[in-house]
Amino acid sequence: MSHYLAERWVDFVRGLLSEEERAAMKRHLDEGCEPCRREMDVLQAMRNFARVEAGAEPPADAVRMARAIYVPPPRPEGALRRLMVRLVFDSFAEPAMAGVRQSGAAGQQMGFEAGPYYIDLRLQGEPDSNRVALAGQIVRREEPNVAMQGLIVALQAGRKVVTETVSNEFGEFSLEFFAGKNHRLRISLPQEGIEVIVPFDARPEGGPEAA
Ligand SMILES: [Zn+2]
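Residues numbered from 1 in each chain as written. Predicted model: local features only at pLDDT ≥ 70, side-chain atom pairs only at ≥ 80, totals over all residues. Heavy atoms only, no water.

Moving on to the pairing of strand E9 (residues 180-189). Judged by how many residues are buried, E9 sits mostly within the fold: 7 of 10 residues are covered. Where strand E6 (residues 152-157) meets E9, 6 bridges bridge the pair, whose relative direction is antiparallel. Paired with glutamine 156 across the two strands is arginine 184, which belongs to E9. Taken together, the 8 bridges between E9 and strand E10 (residues 194-202) define a ladder with antiparallel strand orientation. Counted as the bridge partner of leucine 189 is isoleucine 194 from E10. (Buried < 20%, exposed > 50% of the residue type's maximum accessible area, 1.4 Å probe, protein only. Helix = DSSP H or I, 4+ residues; strand = E, 2+ residues; numbered from the N terminus. Pairing = 2+ DSSP bridges.)

Here it is, written out as structure tokens:
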């Protein structure tokens, strides 16, 4: 069975498709495709959440300033219980799907599940460099309205923390770093007493995987 890429489901939930496309994708769901149904549900929940929150959004300047002065609290090593993730979607692993936009230029998208959380990662290599831009989001699958802001998101290469950021009110975060293997994203949820570890390889733009 062929599936639709997450980007198609984004367009689907945003109502940007033609009647025919929409009908075909609806049929695919009605035929009982579980992975696509799950993808669509998550995106739908995110969209509903974003729509509800849009009216209550603080000015961009205030958000930028808050982030600039935010100092992560000290984090005792090993104090948080680790939650391992399960890869449920990888745009690079499914090249022959229906309705696929050409990958490469579009970058790589991966979806992970960890307990009650869903983590979406988009990796985009920067042209003519070994740098990679990552945009991600963490949501609670069953309760997408639970705010996920202020979570510390650290990128590790091996044991070393390469860069760190903080999630915004939608659980979104972005980071830049050098391509390489054995990267780990570590999202701390101190309120829950857990941290989510997301292992992945970050390939440079179009090139082979970095050593
Ligand atoms: Zn499907």
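So, on to the packing of helix H1 (residues 6-14) against helix H2 (residues 19-30). Packing of H1 against H2 brings their axes to within 11 Å, and their N-to-C directions diverge by 110 degrees. Considering the angle they form, H1 stands roughly perpendicular to H2. H2 is crossed by H1, and the crossing has left-handed handedness. For the pair formed by H1 and H2, the contact residues are Arg8, Trp9 and Phe12 on the first element and Glu21, Arg22, Met25, Lys26, His28 and Leu29 on the second. Of the residues in the contact of H1 with H2, the class split is 4 nonpolar, 1 polar and 4 charged. (Axes fitted to C-alpha atoms, helices over the stretch in contact; angles between N-to-C directions. Parallel < 35°, antiparallel > 145°, perpendicular 65-115°, else oblique. Left-handed = near helix turned anticlockwise from the far one by under 90°. Contact = heavy atoms within 4.5 Å. Nonpolar A, V, L, I, M, F, W, Y, C, P; charged D, E, K, R; others polar.)

A full pass over the atoms with the stated rule returns 12 salt bridges. For arginine 8, the salt bridge is made with aspartate 11, and the minimal N-O distance between the two is 3.7 Å. Here the residue arginine 8 and the residue aspartate 11 both occupy positions in helix H1, the gap between them amounting to 3 residues, near one helical turn. The salt bridge partner of arginine 140 is glutamate 143, with a shortest N-O separation of 3.0 Å. You can call glutamate 143 partly exposed: its relative accessible area is 40%. Here the salt bridges do not stand alone but share partners, grouping Arg38, Arg86, Glu113 and Arg141 into one network. (Salt bridge = Lys/Arg side-chain N within 4 Å of Asp/Glu carboxyl O.)

In this section: H1. Burial of H1 is extensive: 7 of the 9 residues sit out of reach of the surface. Turning to H1, its buried residues number three or more, namely Ala6, Glu7, Arg8, Trp9, Asp11, Phe12 and Val13. Positive backbone phi, approximately 70 degrees, marks glycine 15, located one or two places after H1.

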